[in-house]
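Chain and residue survey
Read off the chains here:
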Amino acid sequence: MAEVLVLVDHTAGQVKKTTAELLTIARTLGTPSAVFVGSDVEAARPRLAQFGAEKVYVIDNADVDNYLVAPLAEALQAVVQQASPAAVLLPSTPHNKEAAARLAIKTESGLITDAVAVEAGDAGATATQSVFAGSYTVKSTVTKGAPIITVKPNVVPPSASQAGATVVPVDVQVSDAAKGAKITAREEKQKSGRPELTEAAIVVSGGRGTGGDFSPVETFADTLGAAVGASRAAVDAGWYPHSSQVGQTGKQVSPQLYVAAGISGAIQHRAGMQTSKTIVAINKDEEAPIFELVDFGVVGDLFTVLPQATDAVKQARS
Amino acid sequence: MNIVVCVKYVPDAQSDRTFNEDNTTDRDNVDGLLSELDEYAVEAALKIVEAGEGEVTVVTVGPDQAADAVKKALQMGADKAVHVSDDAIHGSDAVATSLVLAEAIKKIGSPDLVLTGLASTDGTMSVVPAMLAERLGLPQVTQVSTLEVEGGTVKGRRDGDVASESLEAQLPALVSVTDQINEPRYPSFKGIMAAKKKPVETWSLADLGVDAGQVGLDAAWTKVESFAARPPREQGEIVTDEGDGGTKLAEFLVAQKFV
Ligand SMILES: Cc1cc2nc3c(=O)[nH]c(=O)nc-3n(C[C@H](O)[C@H](O)[C@H](O)COP(=O)(O)OP(=O)(O)OC[C@H]3O[C@@H](n4cnc5c(N)ncnc54)[C@H](O)[C@@H]3O)c2cc1C
Ligand SMILES: Cc1cc2nc3c(=O)[nH]c(=O)nc-3n(C[C@H](O)[C@H](O)[C@H](O)COP(=O)(O)OP(=O)(O)OC[C@H]3O[C@@H](n4cnc5c(N)ncnc54)[C@H](O)[C@@H]3O)c2cc1C
């Protein structure tokens, strides 16, 4: 069976859950091979092996990290030329989508982004996307080259399947042209200690209705082990960091449970959370559009409803 | 400083967006507008030119109605516009769109800066800027929330998930901007009047020397096989808080096994 390439998402060799998900999908399309960019492959190998990577192509080249996107695209191109894969899967991050875009042009291959499912079909890999703010589901295939598909987090449960994870070093010479956009400084984000927004099973978000006080939102989130999100109104007001924004121009989340507190439910916000499995809202205004989406809604003040819900959840647990 | 801004004409997200029989996006039976996210790119271009000198040209690839999108950018203050319109473009994917845009940009001249939005509000792929950079051989300084152009260098900050990165490139470069970068201006009355006299050129594929066989539905490298409206969510239970709203919420979460 042909190889299916999976770009590994990791920090210093710590492999993220999305990679296990993509390797699980890759096994349904062909023989999974991981593509690892960085110098810590040995830290990553056991996990890549556990989820079925037969090979691990390793690109250990500082240029790929020091310049924006173009060198990664060149590196991926080198692996594609070597492996002639049946498909290339990447986690849907802004950086990866751009690398995938350049790779598509370089290798003359069709590109599908933000897939919420990928299946083997008669015409090769078939990807499902949720479009127009979640109001339509479309299925697409690629008609030219090896399908390049970026996949959202949480679309399949990762399942283990032990494989060899043989390391295959790939020598990449990054061209001068690809070194046009230099990364001159990098400032790590502060860690909140909470799960990552896009990977969390539960997300609790606050909006303008918090009036800037996110404490009931945070406390409720922490009792549920949830990530905290925010509407753009809350972010623009400076109440929460932009990296927490859920919506069209923020994070697209698809958790098991999404709780919107003090959020009206504008179309741009819905675009980022409408595919959540279960949706709950707390809003003072019974006419708020968010209530059109909910499985459960409370018309009320978040400053009384959330603390009471927090206590009741704690009690139910004990 | 010559700046080209790519602006897309999109179906209004507030109205019911849908598909045609050939699985392409319906652009006729729905109100269209300048993709809101491209207003940030237009604003960024205007600011740069106002701080020094130069000219802002907007370019769009889209159906006849796309001329409306271009008008908005001219009203905001852009100097001139190019509208690439050709029946053969119908159903093009991002790859073909980037090809047509790249050829249009070459024909406009050799801009110092090509500016785009973060993503269109219909396709929302966020890939056309990177494809353009690849095709035009320009460094990409993409998804930036700040932008400075000084002495032939462009600098910007890109806010990623794990880190914020400072980026730098020599001009000419391709830049895409996020909605954090500025507050786009509303067209003034003067701007609206002035826009009426600004030149809008309409180019066909032949004008660009692009073979019609390279674009459109049949030439697309991706194919939409089917579309389906998401079944409407069943209206869930809505309670009004009468002192026990939080308790009821917790009961729901327990019943759904989230607790
Ligand atoms: C190009 C573009 C991109 C955008 N991208 C995004 C995006 O990615 N994400 C996003 O969220 N928005 C986005 N927006 C903005 C979006 O249109 C809305 O303006 C925004 O989502 C509103 O945020 P909100 O719901 O918090 O505020 P509001 O709409 O002001 O709603 C506040 C809600 O809180 C309720 N409330 C007030 N007090 C309380 C209380 N004490 N208890 C309970 N409820 C209370 C009110 O009844 C109201 O419904 C975008 C807009 C544009 C133009
Ligand atoms: C399910 C689905 C169905 C689709 N169906 C169709 C269809 O039927 N017909 C169709 O034409 N497209 C369709 N598209 C969109 C098409 O495939 C591409 O997505 C589109 O041509 C360009 O990509 P984008 O809109 O995602 O732009 P992005 O990559 O998100 O755009 C980023 C930036 O590039 C610039 N830009 C992008 N497009 C243009 C343009 N045309 N003119 C000027 N500047 C531009 C803008 O500055 C924009 O902010 C569909 C997309 C999806 C996901």
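Residues numbered from 1 in each chain as written. Chains lettered and ligands numbered in written order. Predicted model: local features only at pLDDT ≥ 70, side-chain atom pairs only at ≥ 80, totals over all residues. Heavy atoms only, no water.

Helix and strand counts for chain B stand at 7 helices and 13 strands. Taking the principal axes of its C-alpha atoms as reference, chain B extends roughly 65 × 45 × 40 Å. Within chain B, buried positions represent 50% of all 259 residues. The contacts in chain B between residues at least 6 apart in sequence include a share of 72% that link residues at least 24 apart. For chain B, the computed accessible surface area is about 11600 Å², with 47% contributed by carbon and sulfur atoms. The average position of the 23 basic charges and that of the 43 acidic charges among the side chains of chain B differ by 3 Å. (Helix = DSSP H or I, 4+ residues; strand = E, 2+ residues; numbered from the N terminus. Buried < 20%, exposed > 50% of the residue type's maximum accessible area, 1.4 Å probe, protein only. Contact = heavy atoms within 4.5 Å. Areas by Shrake-Rupley, 256 points an atom, 1.4 Å probe, with all protein chains shown as cover. Lys, Arg positive; Asp, Glu negative; His and termini not counted. Charge placed at Lys NZ, Arg CZ, Asp CG, Glu CD.)

The local shell around ligand 1 holds 27 residues, among which Arg-208, Ser-231, Gln-245, Ser-264 and Gln-268 of chain A are the closest. This site is not confined to one chain, since residues near ligand 1 come from chains A and B. Within the backbone of Arg-232 of chain A, an N or O atom sits 2.9 Å from an oxygen atom of ligand 1. Between an oxygen atom of ligand 1 and a side-chain N or O atom of Asn-283 of chain A, the distance comes to 2.8 Å. When the free accessible area of ligand 1 is taken as 990 Å², the share hidden by the protein chains comes to 82%. Among the elements of the structure, helix H7 (232-236), helix H8 (267-270) and helix H9 (302-317) of chain A together with helix H1 (36-51) of chain B are those that each provide at least two residues to the shell around ligand 1. Per-class residue counts for the shell around ligand 1 are 7 nonpolar, 14 polar and 6 charged. (Near = heavy atom within 4 Å. Polar contact = N/O pair within 3.5 Å; in protein donor to acceptor, adjacent residues only side chain to side chain. Nonpolar A, V, L, I, M, F, W, Y, C, P; charged D, E, K, R; others polar.)

Right, let's get into H1 of chain B. Note on helix geometry: an α-helix contains 3.6 residues per turn, so any two residues three or four positions apart are oriented the same way. Residue and element names in this part refer to chain B. Here H1 is 16 residues long and its end C-alpha atoms lie 24 Å apart, about the 22 Å a rise of 1.5 Å per residue gives. Among the 16 residues that make up H1, 12 are buried, leaving the element largely enclosed by the rest of the structure. Within the sequence span of H1, burial applies to Leu-37, Asp-38, Glu-39, Tyr-40, Ala-41, Val-42, Glu-43, Ala-44, Ala-45, Leu-46, Ile-48 and Val-49. (Expected span 1.5 Å × (residues − 1).)

This part is about the packing of helix H5 (residues 94-107) of chain A against helix H4 (residues 128-136) of chain B. The N-to-C vectors of H5 of chain A and H4 of chain B enclose an angle of 45 degrees; their axes lie 8 Å apart at closest approach. In terms of orientation, H5 of chain A lies oblique with respect to H4 of chain B. In the crossing of H5 of chain A with H4 of chain B, the sense of the turn from one axis to the other is right-handed. Contacts from Glu-98, Ala-101, Arg-102, Ala-104, Ile-105 and Lys-106 of chain A of H5 of chain A reach H4 of chain B at Ala-130, Met-131, Ala-133, Glu-134 and Arg-135 of chain B. Grouping the constituent residues of the contact of H5 of chain A with H4 of chain B by class yields 6 nonpolar, no polar and 5 charged. (Axes fitted to C-alpha atoms, helices over the stretch in contact; angles between N-to-C directions. Parallel < 35°, antiparallel > 145°, perpendicular 65-115°, else oblique. Left-handed = near helix turned anticlockwise from the far one by under 90°.)

Interfaces are often sized by the accessible area lost when the parts come together. With 81 residues of chain A at the contact, the number on the chain B side is 77 residues. With both sides pooled, the region where chain A packs onto chain B buries about 6800 Å², and carbon together with sulfur makes up 57% of that total. Considering only the surface of chain A that becomes buried against chain B, Ile-105, Phe-132 and Phe-296 of chain A emerge as the three largest contributors, covering 11% of it. Linking chain A to chain B there are 5 salt bridges. The shortest N-O distance in the salt bridge between Glu-134 of chain B and Arg-102 of chain A comes to 2.8 Å. Ranked by residue count, the leading element in the side of chain A that touches chain B is H5 of chain A, at 9 residues. Of the residues contributing to the side of chain A that touches chain B, the split by class is 36 nonpolar, 26 polar and 19 charged. (Buried area = accessible area lost by both parts, 1.4 Å probe. Salt bridge = Lys/Arg side-chain N within 4 Å of Asp/Glu carboxyl O.)

Let's shift gears to the UniProt feature "domain: Electron transfer flavoprotein alpha/beta-subunit N-terminal" (unreviewed entry) in chain B. Sequence positions flagged by UniProt for "domain: Electron transfer flavoprotein alpha/beta-subunit N-terminal" (unreviewed entry) are, in local numbering, residues 22-212 of chain B. Secondary structure content for residues 22-212 of chain B is 32% helix and 28% strand, while the C-alpha to C-alpha distance between its ends is 18 Å. (UniProt positions renumbered as here; feature names shortened; annotations may be inferred.)

Moving on, we get to the UniProt feature "domain: Electron transfer flavoprotein alpha/beta-subunit N-terminal" (unreviewed entry) in chain A. The sites that UniProt annotates as "domain: Electron transfer flavoprotein alpha/beta-subunit N-terminal" (unreviewed entry) are residues 4-187 of chain A. Note that residues 4-187 of chain A is 30% helix and 35% strand, and that its end C-alpha atoms are spaced 34 Å apart.

Not every one of the 33 residues close to ligand 2 is listed here, only the nearest: Lys-8, Thr-24, Thr-25, Asp-38 and Ser-120 of chain B. Residues near ligand 2 are shared among chains A and B, making this a multi-chain site. Contacts to ligand 2 include Cys-6 of chain B, whose backbone N or O atom sits 2.7 Å from an oxygen atom. Note that a nitrogen atom of ligand 2 is positioned 2.9 Å from one of the backbone N or O atoms of Val-61 of chain B.

Residue and element names in this part refer to chain B. The linkage connecting Leu-171 with the following residue, Pro-172, adopts the cis geometry, with an omega of -5 degrees. Inspection of the secondary structure assignment puts Pro-172 in the loop between strand E9 (163-170) and strand E10 (173-177). The backbone phi angle of Gln-143 is positive, close to 60 degrees, even though this residue is not glycine. Examined against the element boundaries, Gln-143 turns out to sit in strand E7 (residues 140-150).

Turning our attention to a nonpolar patch on the surface. A cluster of nonpolar side chains, Phe-189, Ile-192 and Met-193 of chain B, forms an exposed patch at the surface whose accessible area comes to about 290 Å². Along the chain, the position of Phe-189 of chain B falls in helix H5 (residues 189-195). (Patch = residues over 30% accessible without salt bridge, like charges linked within 9 Å, V, L, I, M, F, W, Y side chains within 5 Å.)

Let us look at the domain arrangement of chain A. All names here are of chain A. As far as domains go, chain A holds domain 1 (3-178) and domain 2 (202-317). Look at where the C-alpha atoms of domain 1 and domain 2 centre, and you get two points 32 Å apart. On the domain 2 side, the residues contacting the 4 residues of domain 1 number 7 residues. On the surface where domain 1 and domain 2 come into contact, there are 0 salt bridges. (Domains from an automatic or database assignment.)

Here we come to the sheet that holds E7 of chain B. Strand order in this open sheet of 10 strands is E12(A)-E9(B)-E8(B)-E7(B)-E10(B)-E6(B)-E1(B)-E4(B)-E5(B)-E11(B), and the pairing throughout is mixed. Strand pairing shows two members of the sheet lacking a second neighbour, strand E12 (182-188) of chain A together with strand E11 (200-203) of chain B, which therefore form its edges. In this sheet, neighbouring strand axes are inclined to one another by 30 degrees on average, regardless of whether the strands run parallel or antiparallel. Lying over the sheet, H5 of chain A contacts E7 and strand E8 (153-159) of chain B, oriented at roughly 95 degrees with respect to E7 of chain B. The sheet contacts of helix H3 (residues 94-108) of chain B involve strand E1 (2-6), strand E4 (55-61), strand E5 (80-84), strand E6 (113-116) and E11 of chain B, and relative to E4 of chain B the element is tilted by about 150 degrees. (Pairing = 2+ DSSP bridges.)

So, on to the confidence of the model for chain B. On average, residues of chain B score 94 in pLDDT, and 100% of them reach the 70 mark or higher. Predicted as a complex, the structure gets a pTM of 0.94 and an ipTM equal to 0.95. (pLDDT = per-residue confidence, 0-100.)

Let us look at the pattern of salt bridges. Taken as a whole and judged by the stated rule, the model has 28 salt bridges over all chains. Lys-106 of chain A is paired through a salt bridge with Glu-134 of chain B; the nearest N and O atoms lie 3.1 Å apart. With one member in each of two chains, Lys-106 of chain A in helix H5 and Glu-134 of chain B in helix H4 form a pair that bridges those chains. Glu-218 of chain A is the partner of Arg-194 of chain A in a salt bridge, and the nearest nitrogen-oxygen pair spans 3.9 Å. Placement of the pair is Arg-194 of chain A in the loop between E12 and strand E13 (202-206) and Glu-218 of chain A in helix H6 (residues 215-224), with a sequence separation of 24 residues. With relative accessibility at 23%, the residue Glu-218 of chain A sits in the partly exposed group. One salt-bridge network, held together by shared partners, links Glu-43, Lys-47, Glu-50 and Arg-185 of chain B.

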